[in-house]
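Okay, here's what each chain looks like letter by letter:
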Amino acid sequence: MTRLQPGDTAPDFTLPDSAGTPVSLADVRAGADKGVVVYFYPKAGTPGCTTEACDFRDNLASLAGAGYAVVGVSADPVEDIRAFVEAEHLTFPLLSDADHAVADAYGTWGPKKIGDRTFDGVHRCTFVVEPDGTLRSAEYDVEATGHVAALRAQLVGA
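By convention here, each chain's residues receive numbers from 1 onward along its written sequence. Selection of residues for local features in this predicted model requires a pLDDT of at least 70, selection of side-chain atom pairs for listing and counting requires 80 or more, and totals for whole chains, interfaces and linings are taken over all residues. Just so you know, side-chain values use all the structure's heavy atoms and leave hydrogens and water out.

### Thoughts on helix H5 (residues 147–156)
Applied cut-off: Only protein chains enter the area calculation, which uses a 1.4 Å probe; residues under 20% of their type maximum are buried, those over 50% are exposed, and those in between are partly exposed. Secondary structure counts use DSSP, requiring at least four H or I residues in a row for a helix and at least two E residues in a row for a strand, with both numbered from the N terminus. Relevant arc is that of directions from the helix axis to the C-beta atoms, nothing else. In what follows, residue pairs with any heavy atoms lying within 4.5 Å of each other are defined as contacts.
Buried within H5 we find His147, Val148, Leu151 and Leu155. Seen along its axis, H5 keeps its buried residues to an arc of 90°; they face one direction. Facing away from the buried side of H5 by over 90 degrees, the exposed positions are Ala149 and Ala150. On its buried face, H5 is in contact with strand E3 (35–40), helix H2 (47–65), strand E4 (68–74), strand E8 (125–129) and strand E9 (135–139).

In structure tokens, the structure reads:
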């Protein structure tokens, strides 16, 4: 996995959201004063991913008030993302990277091990993309619990 660093140009992308509508990073950046939080999560509806998504949902007003938009990306199909958004009342875009091309570009796709099982999948990672498209931060293999609070403290100062 190639890892991006702060100062690198964020790979641009256009992916379908939970309704199947294409969403581009460039458009989200254009609508955010200070930048975009792009977070990659392994699987919709799993305990850790639910914790993280709900933390983003619950802190969205604070992040938006500070000028940041939030976008989540997984390799789940649109139908799974739609069910996740509806079940958890998520109010920010979750995008389907079904062929994991965007995860590859961000260095978030690669081998994972759970128990005795090894497989390729999305690693839990978070990026903050500046309005000009450069990365302010690139955090790999973050924890689901507490990560949003730490990110909020960094970005909002709260």
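### Observations regarding the packing of aromatic side chains
The relation between two aromatic rings is expressed through the spacing of the ring centres and the mutual angle of the planes. Applicable threshold: The pairing test for Phe, Tyr and Trp rings, Trp by its six-membered ring, is centres within 6.5 Å, and the orientation test on the planes gives stacked under 30 degrees, edge-to-face over 60, and tilted for anything in between. Think of it as a cone above the ring: NZ of Lys or CZ of Arg counts as a charge over the ring if it is within 6 Å of the ring centre and within 35 degrees of the ring normal.
Inspection of the entire model under this criterion finds ten aromatic pairs. Here the aromatic rings of Phe13 and Tyr106 are separated by 6.2 Å at their centres, their planes lie at 70°, and the arrangement is edge-to-face. Here Phe13, found in the segment before strand E1 (14–16), pairs with Tyr106, found in helix H4 (residues 101–106); they are 93 residues apart in sequence, far enough to count as distant. Owing to a relative accessible area of 5%, Phe13 belongs among the buried residues under this scheme. Note on Tyr106 and Phe127: the rings are 5.0 Å apart at their centroids and 65° apart in plane angle, and the pair reads as edge-to-face. Separated by 21 residues along the polypeptide, Tyr106 in helix H4 and Phe127 in strand E8 bring together distant segments of the chain. Tyr106 gets classed as buried once you look at its relative accessible area, which sits at 0%. Within the aromatic cluster, the residues linked to one another by ring pairs are Phe13, Phe40, Tyr106, Phe127 and Tyr140. The ring centre of Phe119 lies 4.3 Å from the NZ or CZ of Arg117, which sits over that ring.

### Observations regarding the packing of H2 against H5
As a reminder, the rule being used: Angles shown run from 0 to 180 degrees and are taken between the N-to-C directions of axes, each axis being a line fitted to C-alpha atoms and, for helices, limited to the stretch in contact. Here roughly perpendicular refers to angles of 65 to 115 degrees, roughly parallel to angles under 35, roughly antiparallel to angles over 145, and oblique to all remaining angles. Working rule for handedness: look at the near helix, and if it is turned counterclockwise from the far one by less than a right angle, call the crossing left-handed; if clockwise, right-handed. Following the grouping adopted for this structure description, the nonpolar residues are Ala, Val, Leu, Ile, Met, Phe, Trp, Tyr, Cys and Pro, the charged ones are Asp, Glu, Lys and Arg, and the polar ones are all others, Gly among them.
It is the contact of H2 with H5, at a shortest axis distance of 9 Å, that shows an interaxial angle of 20°. The angle between the axes of H2 and H5 places the two elements in the roughly parallel class. Seen along the crossing, H2 lies across H5 with a hand that is right-handed. Contact with H2, carried on its side by Glu52, Asp55, Phe56, Asn59, Ser62 and Leu63, involves His147, Val148, Leu151, Arg152, Leu155 and Val156 of H5 and no other residues of that element. Grouping the amino acids of the contact of H2 with H5 by side-chain chemistry returns six nonpolar, three polar and three charged.

### Re the pairing of E9
Inclusion rule: We call two strands paired when DSSP finds no fewer than two bridges between them.
Relative to E9, E8 runs antiparallel, the two sharing four bridges. Across the sheet, Phe127 pairs through a bridge with Ala138, a residue of E9. If you look at the hairpin formed by E8 and E9, you'll find five residues sitting between the two strands, and Gly133 has a positive phi there, around 95°.

### Description of the nonpolar core
Spelled out, the test is: Buried Ala, Val, Leu, Ile, Met, Phe, Trp, Tyr and Cys residues form a nonpolar core when they are joined through side-chain atoms within 4.5 Å.
Ranked by internal contacts, the top residues of the largest apolar core, which has 25 residues, are Phe13, Val38, Phe40, Tyr106 and Phe127. Among the secondary structure elements, those contributing two or more residues to this core are helix H1 (25–30), E3, E4, H4, E8 and E9. Counting 22 residues, the second-largest nonpolar core is a separate cluster that includes Cys49, Ala66, Val128 and Leu155.

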